[in-house]
Number of protein chains: 2
Amino acid sequence: MTTTLSAELWPDVQPEAARRLMLAAVESFAERGYHATTTRDIAGAAGMSPAALYVHFPSKAALLFAISQSGHEQTLALVESVVERDGTPREKLRSIVEDFVAWHARRHTVARVVQYELQALPANEYAVVTDLRRRIENHVRDVIAAGVEDGSFTVGDLRTAARAVLSLGVDVARWYSDRVGKTPKALGREYADLVLRMLGATV
Amino acid sequence: MTTTLSAELWPDVQPEAARRLMLAAVESFAERGYHATTTRDIAGAAGMSPAALYVHFPSKAALLFAISQSGHEQTLALVESVVERDGTPREKLRSIVEDFVAWHARRHTVARVVQYELQALPANEYAVVTDLRRRIENHVRDVIAAGVEDGSFTVGDLRTAARAVLSLGVDVARWYSDRVGKTPKALGREYADLVLRMLGATV
């Protein structure tokens, strides 16, 4: 089951042992926080020796970076795939919110590490992730701007509006659990309605 | 300066040494996370001995609880003070969002500990805080329900709407910093406009 889960979370990461370590790291960070977790804890949780961990990741920070970078690349990819499609700004924004919210709900444990442990990244890695975040935010801002342009949206401040849209999605990772009784997809749809209204579109 | 800050954050906590320890705990938790922080770290950051810490707090968990409980009581108090005032549901919701958002922006470091370290609370303390959170959410839901009743708001699902309103405010603690170039008060006003629209009110 763990193998399947890690393949679903990180389809682009090879070999399987590296994915297994990333999953063990996510679970350890989620439980105790990044700083209180050792590489020994992570290796142990993955059923591996510390030496075997270092074959794949030179440090705990490298593991955090792999998780963070992959999470940001995945969310950027889902935003880009919507932006590149044909569609009105309104349709695009609906799809972005649906996908972004569902991603944060479905992978809420991974997403918490991705969103809340940024400060623990070393400077160069932090810069890489910050660049990915900026690209996500710029796409959202551009779609909102296009909607203002064509008369679908009315917003006071573009930057605040884009930040609020993403903020609603990110915070899903904090509160979502399977006990909420709502699928990630259903939540994404409800949030898309809320966001479109927030931007002054009639739903 | 630290004395002034801690008095502003926790006006109801006495003596000053207890507030100083709470401030040192917030700073240590924010830097390294709860689990990687020791009572020795906190005492040191407050310029006190570990023995002096135990005079005021029996454990690190007691410190976290004091910070968490106070934060939740403060936000509940600001919601209650709005609810008890005269006003339309629309006016009340605007005030709640303005105050709740400004609180999370102004005290973003404290608010991060309050909002993101809940899982580290012992069971009984967690139950106390959960009850405070439920009361906050119920007030917001009641105000939205009253607005639906009097025709000011249109929402699909009351529970989702209330959660989204609070979620936007909570997430401010994650991303807000003094570099944002917007005062907590100004951000609160902008967010109140966004939220009112999200609930189907004309701004």
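Residues numbered from 1 in each chain as written. Chains lettered and ligands numbered in written order. Predicted model: local features only at pLDDT ≥ 70, side-chain atom pairs only at ≥ 80, totals over all residues. Heavy atoms only, no water.

A short note on the overall build of chain A
The criterion, for reference: Each helix is a run of H or I in the DSSP string that is no shorter than four residues. Each strand is a run of E no shorter than two, and both are numbered from the N terminus. Based on C-alpha atoms, the radius of gyration is set beside the globule rule, defined as 2.2 Å times the residue count to the power 0.38.
Helix and strand counts for chain A stand at ten helices and zero strands. Reading chain A from its N terminus to its C terminus gives the helix and strand order α-α-α-α-α-α-α-α-α-α. Against the compact-globule benchmark of 17 Å for 203 residues, chain A has a radius of gyration of 18 Å, which places it among compact chains. Its C-alpha atoms give chain A principal-axis dimensions of about 60 × 40 × 30 Å.

As for the pattern of salt bridges
Residues and elements named next belong to chain A. Note the threshold: One side-chain nitrogen of Lys or Arg within 4 Å of one carboxyl oxygen of Asp or Glu is enough to make a salt bridge. Here the term buried applies to any residue with accessible area under 20% of the maximum for its type, exposed to any over 50%, and partly exposed to those in between, with areas from a 1.4 Å probe on protein chains only.
For the structure shown, the criterion picks out 22 salt bridges over all chains. Between Arg135 and Glu80 there is a salt bridge, and its shortest N-O distance comes to 3.8 Å. Taken together, the positions of Arg135 in helix α8 (residues 123-149) and Glu80 in helix α5 (residues 60-84) put the pair 55 residues apart, joining distant regions of the chain. Residue Glu80 is classed as partly exposed on the basis of its relative accessible area of 23%.

Considerations on the interface of chain A and chain B
To keep it simple, the criterion reads: Only heavy atoms matter for contacts: two residues are in contact if any of them lie within 4.5 Å across the pair. In short, buried area is how much 1.4 Å probe accessible area vanishes from two parts on joining, totalled over both. In protein, a polar contact means a hydrogen-donor-capable atom and an acceptor-capable atom, both N or O and within 3.5 Å, with residues adjacent in sequence counting only if both atoms are side-chain atoms; elsewhere, any N or O pair within 3.5 Å suffices. Asp, Glu, Lys and Arg are counted as charged, while Ala, Val, Leu, Ile, Met, Phe, Trp, Tyr, Cys and Pro are counted as nonpolar; the rest, among them Gly, fall into the polar class.
Across the contact, 29 residues belong to chain A and 29 residues belong to chain B. Carbon and sulfur atoms supply 58% of the area buried between chain A and chain B, which totals about 2400 Å² over both sides. Considering only the side of chain A, the residues that lose the most area to chain B are Arg174(A), Arg197(A) and Met198(A), jointly responsible for 24% of the buried surface there. Summed over the shared surface of chain A and chain B, the result is two salt bridges. The closest approach of N and O atoms between Asp157(B) and Lys182(A), which form a salt bridge, is 3.6 Å. Joining chain A to chain B, the criterion identifies twelve residue pairs in polar contact (both at pLDDT 80 or more). Contributing elements (two or more residues each) for the side of chain A that touches chain B: α2 (16-32), α7 (108-116), α9 (158-175) and α10 (184-198) of chain A. Of all the elements, α9(A) adds the most residues to the side of chain A that touches chain B, at nine residues. Tallied by class, residues from the side of chain A that touches chain B come to twelve nonpolar, seven polar and ten charged.

Details of the UniProt feature "domain: HTH tetR-type" (unreviewed entry) in chain A
The following threshold applies: UniProt positions are given in the numbering used here, feature names are shortened, and annotations may be inferred rather than shown by experiment.
When the UniProt feature table is mapped onto this chain, "domain: HTH tetR-type" (unreviewed entry) is found at residues 15-75 of chain A. In this annotation, residues 15-75 of chain A is assigned 77% helix and 0% strand; the end-to-end C-alpha distance for the span is 22 Å.

A word on the relation of the copies chain A and chain B
Both copies of the chain are tied together by a single rotation about an axis and a shift running along it. Let me state the cut-off plainly: Least-squares superposition aligns the copies on the C-alpha atoms of those residues with pLDDT at or above 70 in both.
Mapping chain A onto chain B calls for a rotation angle of 180° and an axial translation of 0.0 Å; the resulting RMSD is 0.0 Å. With respect to symmetry, the two chain copies, as superposed, fit the operation of a two-fold axis. Mapped onto chain B, 100% of the interface residues of chain A are again interface residues, and the two copies thus contact each other with one and the same surface.

A closer look at unusual backbone geometry
Cis rather than trans, the peptide bond between Gln14(A) and Pro15(A) has omega equal to -5°. With respect to the helices, strands and loops of the structure, Pro15(A) is situated in the loop between α1 (2-9) and α2.

Describing the environment of Ala173(B)
Residues and elements named next belong to chain B. For Ala173, the position within the fold is in helix α9 (residues 158-175). The class for Ala173 is buried, based on a relative accessible area of 0%. Remark: the alpha-carbon pair of Ala173 and Leu5, spanning 168 residues in sequence, is separated by 18 Å. Aside from chain neighbours lying at most four places away, what touches Ala173 is His104, His108, Ala111 and Arg112.

A few points about the domain arrangement of chain A
All names here are of chain A. Cut-off, in case you're wondering: Segmentation of the chain into domains, including their bounds, is taken from an automatic or database domain assignment.
The domain architecture assigned to chain A consists of domain 1 (2-58) and domain 2 (61-198). Look at where the C-alpha atoms of domain 1 and domain 2 centre, and you get two points 25 Å apart. Both faces combined, the contact of domain 1 with domain 2 buries some 1300 Å², and carbon together with sulfur accounts for 77% of it. Among the residues domain 1 hides against domain 2, the three largest losses belong to Leu9, Val26 and Tyr34. Together they make up 40% of the total. Applying the counting rule to domain 1 against domain 2 returns four residue pairs in polar contact (both at pLDDT 80 or more). Elements supplying a minimum of two residues to the side of domain 1 that touches domain 2: α1 and α2. A total of six residues in the side of domain 1 that touches domain 2 trace back to one element, the largest contributor, which is α2. Partitioning the side of domain 1 that touches domain 2 into residue classes produces 13 nonpolar, two polar and one charged.

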